[in-house]
Amino acid sequence: MFRFLHTADLHLKSGDEENYSFGVFQEILDLGKRHECHAILFCGDTFDQAQEISNFLDRFEGALRDFPIPIYLLHGNHELLRKTPAMQDPLSPINSCYKADNGIAKHLTLTSPDGEKVLLSLFPFVPTIPEEYYKSIPSDEFDFRIAMAHGTEKRMVSYTGPSQEEENSLVSAQLVANLGYNYLALGHIHARRTEEFGSLIAHYPGSPRVVSAGEIGTRNATLVTLSIGEKIQIQDLPIQSSGEFREIQIVVLPSNFQPIAESILQSIHPNDYVRLYGIGIFPASQGEEEAKNFYQSLLNCRKFEFKNKGIFDYNTLRSNALVQEFFDKVSHRRNQNLDPNINWDMVVQVGLQSLTGANL
Ligand SMILES: [Mn+2]
């Protein structure tokens, strides 16, 4: 049996995100140890840019000194991003991991603790993959064949966005399947995806941390277990220190800023990236900046954004007699608690929408 951890797209980044991203790296190493993995595969974009490799070098090498599990580090497109001509191979200063040379496939023969023979092929990122890239594979008999690659597998990604990378680095999982591989460990796409190509399983674990807004849901690394005669097992291992990207909508009312529900506050992790959408109207004396500061003070999170999704200035609205009457009535009934079961936020939202024609 051969068991390994598969991750990709960590994007170690210095500055504001240095401790956060490195904390996630350490948690990945801890997961590998806790689950008694025989290898950890980092399938590209471990570093956010070529320059970050030198920024993290001491910390990275320090964490891996005497580390008991072999680490396999693949070049992604981000390891080559902003590479200076002086850097022949940006990953070359790293000695603690197994790597391929920049742009050249490398094939390693591993032995599992049970004596099984494992082929591990590293296919580092190249912008345009030449036909012969997947050739020169050892012709020996192997119990398991694992490939690491970084790029887009079109069948697994319906829409990759208006990106320069879209036409490049197209990985063909079917081709890798035809070469007899059992598992294709992919990186590049930040959302989790799995697909079968004949007897091959191709898998993107998704980014193990929140790299950009919109990366919704639990972040994971993938635990993969290969056993002779059995189907490949893949299991998501949630990363705690990654936090999540959260979108929360709040209604801003004229009486005062409304507190955020206790249930929402309690669900926020200190490493969450929270984007708050405000709709409604501001209190007469306060503006958007005050709203942002007020809500930020309520939330203990790593990153905070306040988006105005349709907030009207109270004074402007007040000049509309209908709006004025609506708010007076709502405020009265709300303050008197005449209708305890009414969701007043919803009433304001719907009311404003009908009175102003705004799409809130
Ligand atoms: Mn990438």
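Residues numbered from 1 in each chain as written. Predicted model: local features only at pLDDT ≥ 70, side-chain atom pairs only at ≥ 80, totals over all residues.

A word on the overall build of the protein. If you tally the helices and strands in the protein, you get 8 helices and 15 strands. Every one of the 360 residues in the protein was classed for burial, and the buried ones make up 35%. For the protein, restricting intrachain contacts to residue pairs at least 6 apart in sequence, the fraction spanning at least 24 positions comes to 72%. (Helix = DSSP H or I, 4+ residues; strand = E, 2+ residues; numbered from the N terminus. Buried ≥ 20, exposed ≤ 12 C-beta atoms within 10 Å, placed from the backbone. Contact = placed C-beta atoms within 7 Å.)

One open sheet holds the 6 strands; their spatial order is E5-E6-E7-E8-E10-E9, and the pairing between them is mixed. Looking at the sheet topology across the chains shown, the edges are occupied by strand E5 (106-111) and strand E9 (193-197). Averaged over all adjacent pairs, the angle separating strand axes in this sheet is 20°, with direction ignored. (Pairing = 2+ DSSP bridges. Axes fitted to C-alpha atoms, helices over the stretch in contact; angles between N-to-C directions.)

In spatial order, the strands read E4-E3-E2-E1-E11-E12; together these 6 strands make up an open sheet with mixed pairing. Of all the strands in the sheet, the pair left with one neighbour each is strand E4 (98-99) and strand E12 (233-238). In this fold helix H1 (residues 18-34) packs onto strand E1 (2-7), strand E2 (39-42), strand E11 (220-226) and E12, with an angle of close to 165° to the strand it touches most, E1.

Look at helix H7 (residues 321-335) against helix H8 (residues 344-356): their axes get within 11 Å of each other, and the N-to-C directions meet at 170°. What the angle tells us is that H7 and H8 run roughly antiparallel. Where H7 approaches H8, its residues Leu322, Val323, Phe326, Val330 and Arg334 are matched on the opposing element by Trp344, Val347, Val348, Gly351 and Leu355. Tallied by class, residues from the contact of H7 with H8 come to 8 nonpolar, 1 polar and 1 charged. (Parallel < 35°, antiparallel > 145°, perpendicular 65-115°, else oblique. Nonpolar A, V, L, I, M, F, W, Y, C, P; charged D, E, K, R; others polar.)

It is common to report an interface's size as the accessible area lost on association of the parts. For the protein, the domain assignment lists domain 1 (2-238) and domain 2 (245-356). One C-alpha centre belongs to domain 1, the other to domain 2; they are set 43 Å apart. Contacts between the two partners involve 6 residues from domain 1 and, on the opposite side, 5 residues from domain 2. (Domains from an automatic or database assignment.)

It is worth spelling out the nonpolar core at this point. The nonpolar side chains of a soluble globular protein tend to be buried, and buried together. Grouped together as the largest cluster of nonpolar side chains are 56 residues, with contacts concentrated most on Leu41, Phe42, Tyr72, Met148 and Leu184. In this structure, Tyr72 is in contact with Ala39, Leu41, Phe42, Cys97, Tyr98, Leu120, Leu122 and Met148, ignoring residues within four places of it in sequence. Core analysis: the next-biggest nonpolar cluster, separate from the first, contains 17 residues, Val211, Val251, Val252 and Ile279 among them. (Core = buried A, V, L, I, M, F, W, Y, C linked by C-beta atoms within 7 Å.)

So, on to the pairing of strand E8 (residues 183-187). Burial runs high along E8: 5 of the 5 residues are buried. On E8, burial covers both faces: Tyr183, Ala185 and Gly187 on one face and Leu184 and Leu186 on the other are all buried. Pairing geometry for E8 and strand E10 (residues 200-204), over 3 bridges, is parallel. Residue pairing in the sheet places Tyr183 in a bridge with Ile201 of E10.

Before going further, it helps to examine H1. Compared with the 24 Å implied by 1.5 Å per residue over 17 residues, the 24 Å span of H1 between its first and last C-alpha is a close match. Where H1 is concerned, the buried positions are Ser21, Val24, Phe25, Glu27, Ile28, Leu31 and Gly32. Relative to the axis of H1, the buried residues are bounded by an arc of 160° and lie together on one face. Exposed side chains of H1 directed beyond 90 degrees from the buried face belong to Asn19, Gln26, Asp30 and Arg34. Where H1 is buried, its residues touch E1, E2, helix H2 (50-64), E11 and E12. Phi turns positive one or two residues past the end of H1, at Glu36, with a value near 50°. (Expected span 1.5 Å × (residues − 1). Arc of directions from axis to C-beta.)

Time to look at the pairing of E2. Each regular strand displays side chains that alternate between the two surfaces of the sheet. Alternating residues of E2 divide into Ala39 and Leu41 and Ile40 and Phe42, and every residue in both groups is buried. In this fold, E1 hands off to H1, which returns the chain to E2; that crossover is right-handed. In terms of strand pairing, E2 meets strand E3 (residues 71-73) through 3 bridges, oriented parallel. By the bridge assignment, Ile40 is partnered in E3 with Ile71. (Right-handed = clockwise from strand over helix to strand, strands pointing away.)

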